[in-house]
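Residue-level listing of the chains:
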Amino acid sequence: MKKMTAGIIGGTHGMGRWMTGLLRAQGLAVSVAGRATKTTAVDLAGRCDVVAVAVPIAATAGVIREVGPRVKPGRLLMDLTSLKTEPVALMLSHSEADVVGCHPLFGPSVSDPAGHSVVLCRGRGENGYALMKAVFEKAGYRVLETTPRRHDKMMSVVQALNHFNTIVLGMAVAEAGIPFPELQPFSTPIFTTKMEIVRKVFTDTPGLYADILAGNPHTKKILASYARVAQKIRARADARGRGVGELLRQRRHPLRGGDRQDAQGFVPVRQRRQGR
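Residues numbered from 1 in each chain as written. Predicted model: local features only at pLDDT ≥ 70, side-chain atom pairs only at ≥ 80, totals over all residues. Heavy atoms only, no water.

So, on to the overall build of the protein. Helix and strand counts for the protein stand at 12 helices and 8 strands. Residues classed as buried in the protein amount to 41% of the 276 residues present. Considering only contacts in the protein between residues 6 or more positions apart, those separated by 24 or more positions represent 64%. Of the roughly 15800 Å² of accessible surface on the protein, 56% is carried by carbon and sulfur atoms. (Helix = DSSP H or I, 4+ residues; strand = E, 2+ residues; numbered from the N terminus. Buried < 20%, exposed > 50% of the residue type's maximum accessible area, 1.4 Å probe, protein only. Contact = heavy atoms within 4.5 Å. Areas by Shrake-Rupley, 256 points an atom, 1.4 Å probe, with all protein chains shown as cover.)

Here's what the structure looks like:
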């Protein structure tokens, strides 16, 4: 029996390399294409049963347009980016293959699947979707099914708002004019943790965070809300903080309790099948 083949475009780094390891562990014959490989993205698209686009967000659209027409009907074209609306639409319009949007909700350093989730968005075809769901579940990951639009709406909070807030914090700390070595002896554990996140955003892959902010269609709305809330808190702030305290008591925050359905707004595949 012929071994199923997979081609990972961008498979030499980051999530592409993670995907390469995962599929090889599942028994697929995996080839990769990267900037320094002789094998090209077009080569993989023409010969592989599964073609995964795992390049930076800014390059994803161009790669899909290039390889999509070369992925044959009955095969699978998928992506691994943090955005789903545009990539899924592009895959559907530039290929006749099965289409799945995929977003692992973790970074490439994760080796233990326990407690980690992968989002899958149906595009076209049942076989490709069933294949990837089985791959991730067999590996031990939780599979969450949602639409591209709902995914991006959720990511506007989980990623865009979150990263924006981190960037604001980092820049505000810098503008305070106090050298970080002077701050360290006074730092609380929470502040230290937040500063480590700031360091990661500003130094590791700043382009990724910029692309998430720029590419999510819901970013504008959520950041407008952020600005309104910040202004409201600023207007309530006084020397004793009574105004802010009153504001906090008036507002019921979702993290205080209430509806305990899936915290990320997605329905796990197993529960969807049960009719939840």
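A few words now on the packing of aromatic side chains. Per the stated rule, a full pass over the model turns up 5 aromatic pairs. Both rings, one in Trp18 and one in Phe106, keep their centres 5.3 Å apart while their planes meet at 75°; by these two values the pair is edge-to-face. Of the two residues, Trp18 sits in helix 1 (residues 14–25) while Phe106 sits in the loop between strand 5 (98–104) and strand 6 (117–124), which places them 88 residues apart along the sequence. According to the relative accessible area criterion, Phe106 is buried, its value standing at 12%. Plain terms: the ring middles of Trp18 and Phe136 are 6.3 Å apart, the flat faces sit at 5° to each other, and that makes the pair stacked. Of this pair, Trp18 sits in helix 1 while Phe136 is found in helix 5 (residues 126–139), placing the two residues 118 residues apart along the sequence. Each member of the pair, Trp18 as well as Phe136, is classed as buried. Of the aromatic side chains, those joined through ring pairs into one cluster are Trp18, Phe106, Phe136 and Tyr141. Cation over ring: Arg122 sits above Tyr129, and NZ or CZ is 3.9 Å from the ring centre. (Phe/Tyr/Trp six-rings, centres within 6.5 Å; stacked < 30°, edge-to-face > 60°. Lys NZ or Arg CZ within 6 Å of the ring centre and 35° of its normal.)

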